[in-house]
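Observations on chain architecture
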Amino acid sequence: MHTYLVTGGAGFIGSNFVHYMFDKYGDDIRIINVDALTYAGNLENLKGVEDKAGYTFIKADITDKEAIEKIFMNNPDIDRVVHFAAESHVDRSIRNPEVFVQTNVLGTAVMLNCAKAAWENSDGTFKEDHRFLHVSTDEVYGSLPDDDNAFFYETTPYDPHSPYSASKASSDMLVKAYMDTYKFPANITNCSNNYGPYQFPEKLIPLMINNALQGKKLPVYGDGKNVRDWLYVEDHCKAIDLVINKGRLFETYNIGGHNEKRNIEIVTIIIETLQDMLDDSDPRKANVTKDLITYVEDRKGHDRRYAIAPDKIKSELGWEPETMFAQGIRKTIAWYFDHEDWMKNVTSGDYQKYYDSMYSV
Ligand code: NAD
Ligand code: TYD
């Protein structure tokens, strides 16, 4: 029986991971979810797991060394750390880079140091079968040229461009340094863009779904031809479970869906899927048309194309994306249909201020 310390478990991927792990392992795991509940963290995402005997939530900031030390001290059975907590939105990082350095770099240093202190034996080795997984992004590899057949491999040199990707790259380097220097038992995963339930509507897919349902403009940056590789979040969670339990220690694994699409294609698919899924009697249906698409000023330093080669995780751990995009986007839209209150709650208050300051459409 493992005890997981999950950081950022109230966010998008973290909460999906907590649900996935309890669905898979039931009473055979414990999960301690540590989250500072920033604008991106939401305890509503954890409905259904809160009552589980194996689940504990602790509100704490990963940059708070004393708080994290105390969590390890009070829970000596923690033998898995899955580190999701981060500032995760590129646009916010362009406006306010400092908090990205604070959370993503300093926060990761605190997590590494506290786990090392808790797991290190007196001879400098580590307790058996204790593992730390640092969840990172393909954005650390930089940008691939348009219409190119190149992919990001684990060996691709880092070349981050945004403050977000630079801070994630820095955190990855710290994890590598701990592995090289102390033989600290860790892995890094670099994953492509995720989509699915519980994603905050500042990111492309939920923002477009939410706007379209309200008949609001759909703001497409630049020429709309930037390419991202979209992976259904549950497939990412499955990969994380595999890497932390079966991956070779000290290795990096790239995770991706081989599902590269231009942004404009994504927006068009969302419109078409909404039109197909909305009932003819639904008054929102008439508003959901391609006329909502509005090209807006490009993001500064906008990476052109991301594309992951997931060959290593496939050949070593047998992982493959299971959810095709056409199916995943329907599941995602169905989830947002069923969770209108969730969307209302997360878009009340500060979200509107953020939206108005970001978009003039
Ligand atoms: P998110 O923004 O939805 O959630 C981040 C969570 O971290 C929130 O619950 C937030 O409250 C918490 N948090 C932020 N600062 C904190 C702090 N100082 N202390 C404690 N908790 C804090 O992010 P996400 O999309 O779920 O991404 C999770 C991880 O996966 C991140 O590390 C991100 O870099 C990585 N990742 C994301 C994607 C993606 O497409 N979303 C793809 C690849 C990798
Ligand atoms: P995003 O979801 O922010 O993820 P990331 O920047 O980490 O890849 O954006 C995905 C793509 O969609 C990216 O190329 C920027 C673009 N985009 C828009 O065109 N309009 C929007 O309103 C948003 C949020 C993103």
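Note that residues are indexed from 1 along each chain, following the sequence as it is written. Going through the entries in the order they are written, you letter the chains from A and number the ligands from 1. Restriction of local features to residues with pLDDT of at least 70 applies here, the model being predicted, together with a cutoff of 80 or more for giving and counting side-chain atom pairs; totals for whole chains, interfaces and linings are based on all residues. Side-chain metrics rest on all non-hydrogen atoms present in the structure, leaving aside hydrogens and water.

1. A look at the pattern of salt bridges
As a working rule, side chains carrying opposite charge can pair if their charged atoms are close by. Keep this limit in mind: The term salt bridge refers to a pairing of a side-chain nitrogen on Lys or Arg with a carboxyl oxygen on Asp or Glu at a separation within 4 Å. Helix and strand definitions follow DSSP, with helices as H or I runs of at least four residues and strands as E runs of at least two, each counted in order from the N terminus. For each residue, the accessible area found with a 1.4 Å probe, counting protein chains only, is set against the maximum for its type, and the residue is called buried under 20%, exposed over 50%, and partly exposed in between.
Enumeration over the complete set of coordinates arrives at 23 salt bridges. Between arginine 80 and aspartate 129 there is a salt bridge, with the nearest N and O atoms lying 3.2 Å from each other. Here aspartate 129 lies in the loop between helix H4 (97-119) and strand S5 (131-137) and arginine 80 lies in strand S4 (residues 78-83), a separation of 49 residues in the sequence. For arginine 80, a relative accessible area of 2% gives the class buried. On the basis of relative accessibility, which here comes to 43%, the residue aspartate 129 falls in the partly exposed class. For aspartate 223, the salt bridge goes to arginine 304, with nearest N and O atoms at 2.9 Å.

2. Describing the site of ligand 1
Stated formally: One heavy atom within 4 Å of a molecule or strand is enough for the residue carrying it to be called near that molecule or strand. We call two N or O atoms a polar contact when they sit within 3.5 Å, provided that within protein one can donate a hydrogen and the other can accept it, with sequence-adjacent residues counted only if both atoms are side-chain atoms. Residue burial considers only the protein chains on display, and all accessible areas are found by Shrake-Rupley using a 1.4 Å probe. Asp, Glu, Lys and Arg are counted as charged, while Ala, Val, Leu, Ile, Met, Phe, Trp, Tyr, Cys and Pro are counted as nonpolar; the rest, among them Gly, fall into the polar class.
Surrounding ligand 1, one finds 28 residues, the nearest of these being Ile13, Asp35, Ser88, Tyr164 and Lys168. Contact between ligand 1 and glycine 11: an oxygen atom at 2.9 Å from a main-chain N or O atom of the residue. Between phenylalanine 84 and ligand 1, the recorded distance is 2.8 Å, taken from a backbone N or O atom to an oxygen atom. Calculation on ligand 1 without its partners gives an accessible area of 830 Å², and the protein chains cover 96% of this total. Where the shell around ligand 1 is concerned, the elements lending two or more residues are helix H1 (12-25), S5, helix H5 (163-182) and strand S7 (193-195). No other element matches S5, which puts three residues into the shell around ligand 1. For the shell around ligand 1, the residue count by class is 14 nonpolar, 11 polar and three charged.

3. Notes on the pairing of strand S2 (residues 29-35)
Inclusion rule: Should DSSP find at least two bridges between two strands, the strands are regarded as paired. For a crossover, the right-handed case is the one in which the path from the first strand over the helix to the second runs clockwise, viewed with the strands pointing away from the viewer.
Of all seven residues that make up S2, six are buried, and the element is covered over most of its length. As paired strands, strand S1 (residues 2-7) and S2 are joined by six bridges and run parallel to one another. What sits directly across from threonine 3, in S2, is arginine 30. For the crossover from S1 across H1 to S2, the handedness is right-handed. Alignment of S2 against strand S3 (residues 55-59), held across five bridges, turns out to be parallel.

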